[in-house]
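Now for the letters of each chain:
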Amino acid sequence: MTIDWSWIGDHTDDLTTLTISHLQAALTAVFLGVLISLPLAVIAHRVRPLRGFLLGVSNVLFTIPSIAVFVLLLPVSGLTRTTTVIGLTIYTLVVLLRNTVEGLDSVPVKAKEAAKAMGTRPLRTLLTVEFPLALPVIMAGVRIATVMSISLVSVATYIGDGGLGQLFTDGFQRNFPTPVIVGVVLTLLLAVVADAALVALQYVLTPWRRRRA
Amino acid sequence: MYELFKNLGAWLVGGEQWAGPDGIAHRLAEHLQYSLLATLIATAIGLPLGLLIGHTGKGAFLAINLASFGRALPTVGLVVLVFLAGGLSMLPVYVALVALAVPAIVTNTYAGMTAVDPDVKDAARGQGMRGHQVLLQVELPLALPLIMTGLRLALIQVVATATIAAYVSFGGLGRYVFDGLAQRDLVQVLGGAVLVAVVAVALDLALSALQRFLFRHRTA
């Protein structure tokens, strides 16, 4: 199995387009996942009876095979980018919800009591005390969700999307390994780069943790 | 939409769909066969590795990075790659499924081993137990609940992903998904997807019930 380097040189434009489209699908899904899971996590954290239910539902959603999720969405949103993004978002929810709830749980009670004693309103406490303190655990979830989404985008190649995943179908149909190797390598690279970017983002967002480290 | 679900219901319960070599019963058996064999191979690789890393404390870096590498590796790409390299056989499917399952098993085994109370290990050594005795008689039993969680996660992921066998022209429940996609037969595609999802969810529920039963006397 040899790599046809000239193919890579001839297709740099296509590869760039696919990489951007791949990253766009994954990041949109993670962004939506965060938007949905934050309020749900607050509910699960505050209302104990709903906690088991919300985490249970997200766990069951996670067991559904990704290809099945994409296919089951076809009657709703058809062969479109929307289907890809919805499918990926569903997958991010499990990790994001669990980590955000755990993060909120890990906030020291004393910090919350101090905020209350100073007359801080509950919403403000949530935004300025609880979320910042929960951020490391939440970000750990965001990192897992991002890497997972980047890997999963390629499954959407079966429904005609899939970013770099299209290289797998292409290589398979033409019995030509180069695009497949390039696709796998670029996917892994994207995951590494995105993960490093999130580590950097967390460093910027949590200045109070730097002195300790 | 209503018409579609009615047809889907009819497809799932139709007697002719369940019989014969293309029938659901046979495809289901194939699907379970691929999944169980792949998980078994992955356990044979991942369990000793996780136990070794946990027991010696060496290679923790490997265990943690293996998990993120496993998450990042695109399964479809891996299957196609091994297929193109090795030709038409079940090998690509098993390679991809095993590669998917090993990280989950290693990291959970390792997590279970690190969660064992160091005082308990010290006590075992103090009583004169050898390294392998501590591992097999103390650490392994205490780590077992987390190890089983890892095996369960791995099996569920493998069942969900075994759909891919049909992509490289083998059987299993993925057959309906890919044949349906090729024939523009949405009912068949949905039927296959629903079956895979039901099998995955049912296995997960059954295994977590088994886990709860086996470890019902433990507090943690």
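An unreviewed UniProt entry lists chain B under the name ABC transporter permease, from Streptomyces cyaneochromogenes.

Named according to an unreviewed UniProt entry, chain A is ABC transporter permease originating from Streptomyces cyaneochromogenes. UniProt lists a comment for chain A under the heading Sequence similarities (unreviewed entry), and it reads "Belongs to the binding-protein-dependent transport system permease family."

Engineer: Outline the UniProt feature "domain: ABC transmembrane type-1" (unreviewed entry) in chain A, listing residues and values.
Structural biologist: The positions that UniProt labels "domain: ABC transmembrane type-1" (unreviewed entry) are, in the present scheme, residues 19-197 of chain A. As annotated, residues 19-197 of chain A comprises 85% helix and 0% strand, and the C-alpha atoms at either end are separated by 16 Å.

Engineer: How would you sum up the layout of surface pockets? Please name residues and give values.
Structural biologist: Considered as a void within the structure, the second largest pocket measures approximately 390 Å³ in volume. Surrounding the second largest pocket, 20 residues form its lining, Tyr158 of chain A together with Phe178, Leu181, Ala182 and Arg184 of chain B being those nearest its centre. Contributions of two or more residues to the lining of the second largest pocket are made by helix H8 (165-174) of chain A together with helix H9 (174-182) and helix H10 (186-214) of chain B. In terms of residue count, H9 of chain B provides more of the lining of the second largest pocket than any other element does, six residues in total. Of the residues contributing to the lining of the second largest pocket, the split by class is eleven nonpolar, five polar and four charged.

Engineer: Give me the packing of aromatic side chains: which residues, what numbers.
Structural biologist: Any aromatic ring pair is given by two values, namely how distant the centres are and how the planes are angled relative to each other. Using the criterion set out here, one finds eight aromatic pairs over all chains in the structure. Between Trp7 of chain A and Phe176 of chain A the ring centres are 6.0 Å apart and the planes differ by 80°, which places this aromatic pair in the edge-to-face class. Note that Trp7 of chain A is positioned in helix H1 (residues 5-10) and Phe176 of chain A in the loop between H8 and helix H9 (177-205), a separation of 169 residues in sequence. Take Trp7 of chain A: its relative accessible area is 9%, and that puts it in the buried class. Residue classification places Phe176 of chain A among the buried positions, given a relative accessible area of 18%. Centre to centre, the rings of Tyr158 of chain A and Tyr167 of chain B are 5.0 Å apart; their planes meet at 65°, and the pair counts as edge-to-face. Pair noted here: Tyr158 of chain A is in the loop between helix H7 (122-152) and H8 and Tyr167 of chain B is in the loop between helix H8 (131-161) and H9, and the two residues belong to different chains. Each of the two residues, Tyr158 of chain A as well as Tyr167 of chain B, counts as buried. Grouping aromatic residues by their ring pairs yields a cluster made of Tyr158 and Phe172 of chain A together with Phe83, Tyr167 and Phe178 of chain B. Across from the ring centre of Phe213 of chain B, 4.3 Å away, lies the NZ or CZ of Arg216 of chain B, which sits over that ring.

Engineer: For the pattern of salt bridges, give the residues involved together with the corresponding values.
Structural biologist: As a working rule, side chains carrying opposite charge can pair if their charged atoms are close by. All told, the structure shown has eleven salt bridges over all chains when counted by the stated rule. Close ionic contact of Asp195 of chain A with Arg143 of chain A constitutes a salt bridge, the shortest N to O distance being 2.9 Å. With a gap of 52 residues between them, Asp195 of chain A in helix H9 and Arg143 of chain A in helix H7 connect regions that are remote in the sequence. Of the charged contacts in the structure, one is a salt bridge between Asp204 of chain B and Arg152 of chain B, with a shortest N-O distance of 2.8 Å. You can see Asp204 of chain B sitting in helix H10 and its partner Arg152 of chain B sitting in helix H8, a full 52 residues away along the chain. Taken together, the shared-partner salt bridges connect Arg48, Arg51 and Asp105 of chain A into one network.

Analysis parameters
Residues numbered from 1 in each chain as written. Chains lettered and ligands numbered in written order. Predicted model: local features only at pLDDT ≥ 70, side-chain atom pairs only at ≥ 80, totals over all residues. Heavy atoms only, no water. UniProt positions renumbered as here; feature names shortened; annotations may be inferred. Helix = DSSP H or I, 4+ residues; strand = E, 2+ residues; numbered from the N terminus. 1 Å grid on protein atoms, 1.4 Å probe; cavity = no way out; pocket = protein on both sides within 12 Å on 5 of 7 lines; lining within 4 Å. Points joined across faces, edges and corners; volume = space filled by probe spheres on them. Nonpolar A, V, L, I, M, F, W, Y, C, P; charged D, E, K, R; others polar. Phe/Tyr/Trp six-rings, centres within 6.5 Å; stacked < 30°, edge-to-face > 60°. Buried < 20%, exposed > 50% of the residue type's maximum accessible area, 1.4 Å probe, protein only. Lys NZ or Arg CZ within 6 Å of the ring centre and 35° of its normal. Salt bridge = Lys/Arg side-chain N within 4 Å of Asp/Glu carboxyl O.

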